[in-house]
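Listed below are the residues making up each chain.
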Amino acid sequence: MSTHIAAEPGQIAPIVLFPGDPLRAKWIAETFLDDARLYSETRGMLGFTGTWEGHRVSVQGSGMGQPSMAIYANELFDSYGVQTVVRVGSCGALTEKLKVRDIIIANGACTDSGINRVRFHGLDYAPVADFSLLRAAVEASESEPPESNVHVGLLLSSDQFYSTRPELTEPFVQHGVLGVEMETSGLYTLAAYYGRRALSICTVSDHIVTGEETTALEREQTFGDMIRIALQAATA
């Protein structure tokens, strides 16, 4: 039993969907999984295990930001032997090439965080997705195209939601970064360290350029296309 998840051995499946919002975890479990059962509600960070098309799958909330996500990812990998983690989150679009509700499958993640620089003694590390998951997610999006557009590209994992220096994102946009969120860089790094598979799929919930945004309830319960792609990729 780990410190923060506190599930019993065997309660968590080898495949985990990993939303930041614990209420999105609850919605995913109730909407997509058969016979979903709650295995943890410690600190309100809900976790469920059920089945999807015969595959045993868990859904675990991670909280917001790389420090919170890293607690749960470390415990999933180290304490429960999880092999595959797919983040299913929301992000802000950084370019007018994207619209609200578009989906980004992240092949890699930049960051403004110092977490990896501590780990790598001041050097830069390039966190990337597991290729087999990335390929499976792209194939899933092509076999059953969602209503929104799907993009493959880079995310920026920021430590600040309310940034006082928005101009700092401009060089990232100039170098092809599509969206900003708060977790992917750390997740990809931890998966590489443990030798596990990780992928991040994010739905654009708000647009940094145009100001358009979704509601909290929409972010919690209406990003089904992303979940379907994630489930197909994780179980392929």
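Numbering of residues starts from 1 in every chain and runs along the sequence as written. Where totals are concerned, whole chains, interfaces and linings use all residues; where local detail is concerned, this predicted model gives features only for residues with pLDDT of at least 70, and gives and counts side-chain atom pairs only at 80 or more. Side-chain metrics rest on all non-hydrogen atoms present in the structure, leaving aside hydrogens and water.

Visitor: Honestly, the environment of Val209 in this entry has me stumped. Any pointers?
Guide: Only runs of H or I of at least four residues qualify as helices and only runs of E of at least two qualify as strands under DSSP, and these elements are numbered from the N terminus. As for its position among the elements, Val209 is in the loop between β9 (197–207) and α7 (216–221). Any two residues whose heavy atoms approach within 4.5 Å are treated as being in contact. Not counting chain neighbours up to four residues away, the residues in contact with Val209 comprise Ala93, Leu94, Thr95 and Glu96.

Visitor: Would you take a moment to explain the pattern of salt bridges for this structure?
Guide: Side chains carrying opposite charge are able to pair once their charged atoms draw close together. The salt bridge criterion pairs a side-chain nitrogen of Lys or Arg with a carboxyl oxygen of Asp or Glu, the two atoms within 4 Å. Under the counting rule described, the total for this entry stands at 8 salt bridges. The salt bridge involving Asp35 is made with Arg37; its shortest N-O contact spans 3.5 Å. A relative accessible area of 58% places Asp35 in the exposed class. Burial status follows relative accessibility: with a 1.4 Å probe on protein chains alone, a residue under 20% of its type maximum counts as buried, one over 50% as exposed, and anything between as partly exposed. According to the relative accessible area criterion, Arg37 is exposed, its value standing at 56%. Between Arg87 and Glu183 there is a salt bridge, with its nearest N and O atoms 2.8 Å apart. Here Glu183 lies in the loop between β8 (177–181) and α6 (184–194) and Arg87 lies in strand β5 (residues 84–93), a separation of 96 residues in the sequence. The pair formed by Arg87 and Glu183 is uniform in burial state, with each residue classed as buried. One connected set of salt bridges, linked through shared partners, spans Arg87, Glu181 and Glu183.

Spatial relationships are all this shows, so hold off on functional conclusions.
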